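Residues per chain, in single letters:
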Amino acid sequence: MITALAAPRTPSATRSRPRNRPRPVKSAAPAVAFFRSNGQTGPLDHDASSKCRVAESLALLLGHEFVGELDLAHPPTGSLYLVPTDTLPSLVEAQRLGISRPDQLFGGVVPQPFVATKVISHPLVAPGACSVPGWSAAYGEQVRDAVLPGYSVFSADDARLAARCLFEDGSVRLKDPAGVGGVGQWVIDNLDELDARLAAFGLDNLSRHGLVLERNLSQVITHSVGLVSVGSHVASYFGTQSLTRNHRDHEVYGGSQLTVCRGGFEVLLKQTLAPDVRTAVEQALTFHRAASACFPGFFASRCNYDVAQGVDGQGRALSGVLEQSWRIGGASGAEAAALHAFAADPSLRRIRASTCEVYADEFNLPRGAWLLYDGPDNHGGRLIKYAQVTPDVDA
């Protein structure tokens, strides 16, 4: 039995905003750095601030110095553990940053940028269909039973062919492969709607990045299945996401509730799991293994897979991986808090961890919660993000 986890003790544990000024490191001691790999500069927004806070906690877990944001002009002189905001999009970029192994970063590295997007979730619509350099036909075959019925397309003709096939069983969800959090998704019911979306997306964009067409579901429950490895600390989990409303009354991500086990996916599969959860875990593991097998050079120390379960237009129950995340994400506060709890108590085998995002002018932080962010959202309203660990009564 454990009590709620207190905030991981960092040098700035009493501050709501993490240290983020780049500074050189004079010693050769191991260091942890946060890296905005999207090229953004200037003050950290709420998303980057909370992720930088998680990076600081990982430094504590590893026993390394946290140096704030990576200063490429004055990088640390010793070994570096990197926490980038995005999946590193190529082996060349990873090598430029000194990353060649999964134990050197919290996140992942892919051989080509498209591998980090939703476009790998489905096969091409036909042999010889348009694709991009580095495309793996074998990957689509290996994950076919772990994803929803669907196709990835890189031309308008292939998109129409895919849509005709899928329309036979109901409406189709069209996705921009780079969309995040439900942005860039549309439900279409006919070819006219498809053509309008293709025109808006642009044929050049389509040929370079592709689009995803998959069976649209209703009554959807989305499971999160993941694996994190930081130094000698390894944990895997299953759980669900929640939604909330921001100050503009838009429905947005509200947090994640995870059951976390000490050890990798093999430990997770040995747990007593509800049938729907076991299906989600097995499908995520299929997706995970196929990526390693089919994309040479890929590796990741933080893996998260969203698995949707719902009903299609014919009333059939379906389950499949929607997308992968090989980078620090919204659930990473819970992941880090769980790793700290396991490190503090070697007897722990399974716990519950959660993150919560609250849009409210008045709010009291729950006792024992770890504050990740308390400040303005992108529109100036107050946003609070925190993580918690509590005992798993079923462990």
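Scroll up to find the structure this text is about.
The structure presented is a predicted model; accordingly, all values stated were derived computationally and were not measured.

**Student:** Go over the overall build of the chain, please, and point to the residues and values.
**Tutor:** For the chain, the count of helices and strands is 9 helices and 17 strands. For the chain, the C-alpha radius of gyration of 21 Å lies close to 21 Å, the compact-globule estimate for 395 residues. For the chain, the spread of C-alpha atoms along the three principal axes comes to 60 × 50 × 45 Å. Summarising the internal contacts of the chain: among those between residues at least 6 apart in sequence, 69% fall at separations of at least 24. Carbon and sulfur atoms form 51% of the exposed surface of the chain, whose accessible area is close to 17300 Å².

**Student:** How would you summarise the sheet that holds strand E9 (residues 218-230) if you had to cite specific residues and measurements?
**Tutor:** Whenever strands of a sheet pair, they do so through backbone hydrogen bonds, lying parallel or antiparallel. Spatially, E14-E13-E9-E10-E11-E15-E17-E16 is the arrangement adopted by the 8 strands of the open sheet, whose pairing is antiparallel. The open sheet is flanked by strand E14 (317-325) and strand E16 (370-376), the only strands paired with a single partner. Shown here is a sheet whose adjacent strand axes are inclined to one another by a mean of 20 degrees, direction ignored. Judged from the 9 bridges that link them, strand E15 (residues 350-359) and strand E17 (residues 382-391) form a sheet pairing that is antiparallel. Bridged to Cys356 within E17 is Tyr386.

**Student:** Give me the lowdown on the packing of helix H4 (residues 156-167) against helix H5 (residues 191-201), citing residues and values where you can.
**Tutor:** Where H4 meets H5, the closest approach of the two axes is 10 Å, and the angle between their N-to-C directions is 145 degrees. Note on packing geometry: the crossing formed by H4 with H5 is right-handed. Note on element contacts: H5 touches H4 through Leu191, Leu194, Asp195 and Leu198, opposite Ala156, Ala159, Arg160, Ala163, Arg164 and Phe167. Here the residues of the contact of H4 with H5 sort into 7 nonpolar, no polar and 3 charged.

**Student:** Go over the pairing of strand E5 (residues 150-153), please, and point to the residues and values.
**Tutor:** What you see with E5 is no split at all: Gly150 and Ser152 on one side and Tyr151 and Val153 on the other are buried throughout. In the sheet, E5 pairs with strand E8 (residues 211-215) via 4 bridges, with the strands oriented antiparallel. By the bridge assignment for E8, Ser152 is matched with Val212.

**Student:** Lay out unusual backbone geometry in plain terms, naming residues and giving numbers.
**Tutor:** Unusually for a residue other than glycine, Gln219 sits at a positive phi of about 55 degrees. Within the secondary structure, Gln219 sits in strand E9. Of note, Asp249 is a non-glycine position whose phi angle comes to about 65 degrees, a positive value. Position of Asp249 among the secondary structure elements: in the loop between strand E10 (233-245) and strand E11 (251-262).

**Student:** Talk me through the nonpolar core; I want residue IDs and the actual numbers.
**Tutor:** Formed by 54 residues in total, the largest nonpolar core has its most connected members in Ile120, Tyr139, Leu213 and Trp326. The greatest single-element share of this core, amounting to 9 residues, is contributed by helix H8 (residues 275-294). Of all hydrophobic cores here, the second largest spans 36 residues; its members include Leu258, Ala337, Ala353 and Val389.

**Student:** Could you give an account of H8, with specific residues and numbers?
**Tutor:** The terminal C-alpha atoms of H8 lie 28 Å apart, and with 20 residues this matches the ideal 28 Å at 1.5 Å per residue to within 8%. Within H8 the residues assigned to the buried category are Val277, Ala280, Val281, Gln283, Ala284, Leu285, Phe287, His288, Ala290, Ala291 and Cys294. Those residues of H8 that are buried lie in contact with helix H3 (137-143), E9, E10, helix H7 (265-268), strand E13 (302-311) and E14.

**Student:** Any chance you could break down the sheet that holds E5 for me, citing the residues and the numbers?
**Tutor:** Read from one edge to the other, the open sheet built from 4 strands follows the order E5-E8-E6-E7, with strand pairing classed as antiparallel. Looking at which strands have only one partner, the edges of the open sheet turn out to be E5 and strand E7 (185-188). Geometrically, the sheet is characterised by an average inter-axis angle of 20 degrees between neighbouring strands, direction not taken into account. Bridging between strand E6 (residues 172-175) and E7 involves 4 bridges; their strand directions are antiparallel. Bridging from a neighbouring strand, Lys175 pairs with Gln185 of E7. Those strands touched by H4 are E5, E6, E7 and E8, and its axis lies near 175 degrees from that of E5.

**Student:** So what about the state of the cysteines? Which residues, and what values?
**Tutor:** Applying the stated criterion to the full structure yields 0 disulfides. The thiol of Cys165 is unpaired, and the distance to the nearest cysteine sulfur, on Cys130, comes to 16 Å.

**Student:** With reference to specific residues and values, describe the pairing of E14.
**Tutor:** Two strands pair when backbone bridges link them, and E13 and E14 are joined in this way by 8 bridges, in the antiparallel orientation. Bridging from a neighbouring strand, Tyr305 pairs with Gln324 of E14.

**Student:** Can you break down the packing of helix H1 (residues 46-62) against helix H9 (residues 332-344) residue by residue, with the values?
**Tutor:** Between H1 and H9, whose axes approach to 10 Å, the crossing angle comes to 20 degrees. With respect to H9, the element H1 is oriented roughly parallel. The chirality of how H1 crosses H9 is left-handed. Mapping the contact onto sequence places Val54, Ser57, Leu58, Leu60 and Leu61 in H1 and Ser332, Gly333, Ala336, Leu339, His340 and Ala343 in H9. Residues belonging to the contact of H1 with H9 are distributed by class as follows: 7 nonpolar, 4 polar and no charged.

**Student:** Give me the lowdown on the packing of aromatic side chains, citing residues and values where you can.
**Tutor:** Under the definition given, this model contains 8 aromatic pairs. Three or more aromatic residues joined by ring pairs make a cluster, and in this case those are Phe114, Trp135, Tyr139, Phe154, Phe287, Phe295 and Tyr305.

**Student:** Which residues make up the environment of Ala344, and what are the values?
**Tutor:** The topology assignment puts Ala344 in helix H9. Judged by relative accessible area, which is 65%, Ala344 ranks as exposed. Measuring from C-alpha to C-alpha, the distance between Ala344 and Leu61 comes to 9.8 Å, with 283 residues separating the pair along the chain.

Parameters and conventions
- Residues numbered from 1 in each chain as written.
- Predicted model: local features only at pLDDT ≥ 70, side-chain atom pairs only at ≥ 80, totals over all residues.
- Heavy atoms only, no water.
- Helix = DSSP H or I, 4+ residues; strand = E, 2+ residues; numbered from the N terminus.
- Rg over C-alpha atoms; globule rule 2.2 N^0.38 Å.
- Contact = heavy atoms within 4.5 Å.
- Areas by Shrake-Rupley, 256 points an atom, 1.4 Å probe, with all protein chains shown as cover.
- Pairing = 2+ DSSP bridges.
- Axes fitted to C-alpha atoms, helices over the stretch in contact; angles between N-to-C directions.
- Left-handed = near helix turned anticlockwise from the far one by under 90°.
- Nonpolar A, V, L, I, M, F, W, Y, C, P; charged D, E, K, R; others polar.
- Buried < 20%, exposed > 50% of the residue type's maximum accessible area, 1.4 Å probe, protein only.
- Core = buried A, V, L, I, M, F, W, Y, C linked by side-chain atoms within 4.5 Å.
- Expected span 1.5 Å × (residues − 1).
- Disulfide = S-S within 2.5 Å.
- Parallel < 35°, antiparallel > 145°, perpendicular 65-115°, else oblique.
- Phe/Tyr/Trp six-rings, centres within 6.5 Å; stacked < 30°, edge-to-face > 60°.

None of the figures reported here should be taken as evidence of function without further support.
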